[in-house]
Amino acid sequence: MTASGFLSQLLQLAVALALAPLLVGWVNQCRAWLQNRGAPPLLLPYRTIHKLFSKDAVVAHGASPLFRLTPYVVFGAMCCAAAIVPSLATDLPFARAADAIALVGLFALARMFIALAAMDVGTAFGSLGARREMFVGFLAEPALLMVLFTASLISGSTSLPTIVETLAHRELGIYPSLAFAGVAFTMVSLAENARIPVDNPATHLELTMIHEAMVLEYSARHLALLEWAAALKLFNYSCIGLALFLPAGIAEGSDWLGMAAAAPLLVAKLAAGGFALALIETLSAKLRIFRAPEFLGTAFMLAVLAMLVHLLLES
Amino acid sequence: MAGLPLYAQLINLLAAILLLLAFAMLAQRRVLSLIDLFAAQGVALTASTAIVAWGTGQTHLWFSAALTLVLKVFVLPWILYRLIRRLDVRWDVEGMVNIPTTMLIGIVLVVFSFNLAYPISQLASTVTRSTLGIAIACVMLSFLMMITRRKAIPQVIGFLSMENGLFFAATSATYGMPMVVELGIALDVLVGMVILGVFFFQIREQFDSLDLKHLEKLKEPE
């Protein structure tokens, strides 16, 4: 491991930690504009996290150590994921430890801990949210894996930095498989990040909430970590999407000039992606929970089709 | 992939879109949206035929493309729309199997037809030979749609979209059939549509419903 690789790794992690709440704030602001509401300030997520960190934590009676441990595990998993996904540069020493499949595993680990913690306290909402989360998760995971497999088939490797380098360097052409995979990935990201067709991040209505139901019992620093982790998850998914489908501009190796150029480009791409997310959320209505299998089944089908189309047309 | 000329890449893209539309029809619940999807399939087919004509210089394919545009994008959907208005049937389509299962069966069918087409397309010498698998898959998916739907109109749309798949196979794998054959098929489809339209009214008059399960009984109700 070279010193510059280590530095670029640290820088990327710091950028992810700093930008993630900003991305959430930006999406909320865009959504408010699109819905003709007064927009909340862009920096509101930072203020919320800061406020929550300075409060005293209240933990339910009978909560096991798992309940206290979970926010740290979830936050840690999301930080690991942020270190693996190439958002600024592809020279990431940490990324050699884990490939795209391990990345899906990291997300699954976070999901499992948060679901267990939600059931731990024994409230009705917690277990309801946990069950729904696992229900959505087990449908979304195969679709996400299939999308990553398609990218791996094209580039011949499951390591994300290698995939990005191959995809950024291929000849210009029309790749129907990547278009299908892109749509499938968007659908999976919406489901995984508790966004509107599947879940509504802005509601606390008992019949519809999934993610919010699980974190209902948390307060203060625990809640702050969970909110930050949720923001990081959105950031990670956006960066995976950008790395797979818009890889141009990510610096290769530890090229400092390239990284300096990659940073504003990343911010621009994320801003466009956040606006697109707000647009999707505004245009679509929330699905009934039992329609979610259909939504995610479609995503899975698209991802499988992407793989098949790649094998038939592009090999 | 990257070595292919632009027109072949465009045809590959349109082939993928056709496959996607076939799946969308399989998953669609509403009859009116089904007709729109059928018209969209017609547009994709017209575009692919025109691109084959442009890329290979086969002038008679321009006529096929024009025929496809008129018949499958305007006339047939218009007839279907009119039929639906006259029959006053706007219900959601009832499937025999639920939609996620249907789509999984569809994926299995696609894998099957890709396998089937692979050795055949190795023998062909055209640039767009790999789309043969997609054409077969479209035919299979339309067939599946006819099997899994109970009502008459979705079955007829399945039949028509099966013809779309066959037409795509003909243009992309072999650069089109002779003009006489194409004209004959186009006329057949049109006449078939008119006859089926008459059938719809007959079926409904007889059974008060367009559900084809009534046709399975051979005896008169006692």
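Residues numbered from 1 in each chain as written. Chains lettered and ligands numbered in written order. Predicted model: local features only at pLDDT ≥ 70, side-chain atom pairs only at ≥ 80, totals over all residues. Heavy atoms only, no water.

Time to look at the overall build of chain A. In terms of helices and strands, chain A carries 11 helices and 0 strands. In chain A, the succession of α and β elements from N to C terminus is α-α-α-α-α-α-α-α-α-α-α. Taken over C-alpha atoms, the radius of gyration comes to 19 Å for chain A, in line with the 20 Å a tight globule of 315 residues would show. Taken over the C-alpha atoms alone, chain A extends approximately 60 × 45 × 40 Å along its principal axes. At a minimum sequence separation of 6, the contacts of chain A that also span at least 24 residues come to 81%. (Helix = DSSP H or I, 4+ residues; strand = E, 2+ residues; numbered from the N terminus. Rg over C-alpha atoms; globule rule 2.2 N^0.38 Å. Contact = heavy atoms within 4.5 Å.)

Taken as a whole and judged by the stated rule, the model has 6 aromatic pairs over all chains. Look at W26 of chain A and W33 of chain A: their rings are 6.0 Å apart centre to centre, the planes differ by 85°, and that puts the pair in the edge-to-face class. Ring pairs connect the aromatic residues F107, F185, Y237 and F245 of chain A, which therefore count as one cluster. Residue placement shows K72 of chain B over the ring face of F167 of chain B; its charged tip is 4.5 Å from the ring centre. (Phe/Tyr/Trp six-rings, centres within 6.5 Å; stacked < 30°, edge-to-face > 60°. Lys NZ or Arg CZ within 6 Å of the ring centre and 35° of its normal.)

This next bit is on the environment of A108 of chain A. Along the chain, A108 of chain A turns up in helix α4 (residues 100–120). Considered as a pair, A108 of chain A and F138 of chain A are 30 residues apart in the sequence and their alpha carbons are 9.2 Å apart.

Here we take up α4 of chain A. Each turn of an α-helix holds 3.6 residues, which means side chains three or four residues apart point in the same direction. All names here are of chain A. With 21 residues, α4 ought to run about 30 Å at 1.5 Å a step, and its terminal C-alpha atoms sit 30 Å apart, in line with that. Within α4 the residues assigned to the buried category are A100, L103, V104, L106, F107, A110, R111, F113, I114, A115, A117 and A118. Elements that come into contact with the buried residues of α4 comprise α3 (65–84), α5 (124–155), α6 (160–169), α7 (176–192), α8 (211–214) and α9 (220–245). Residue G122 follows α4 closely and has a positive phi angle near 90°. (Expected span 1.5 Å × (residues − 1). Buried < 20%, exposed > 50% of the residue type's maximum accessible area, 1.4 Å probe, protein only.)

With that settled, consider the pattern of salt bridges. With the rule as written, the count across this model stands at 7 salt bridges over all chains. The closest approach of N and O atoms between E192 of chain A and K233 of chain A, which form a salt bridge, is 3.5 Å. Remark: K233 of chain A occurs in helix α9 and E192 of chain A occurs in helix α7; sequence separation between them is 41 residues. Where E163 of chain B meets K72 of chain B, a salt bridge forms, and the shortest distance between an N and an O atom there is 2.8 Å. Pair noted here: E163 of chain B is in helix α6 (residues 152–174) and K72 of chain B is in helix α3 (residues 60–87), with a separation of 91 residues, a long-range link. Where salt bridges share partners, they join R111, E133, E141, E192 and K233 of chain A into one cluster. (Salt bridge = Lys/Arg side-chain N within 4 Å of Asp/Glu carboxyl O.)

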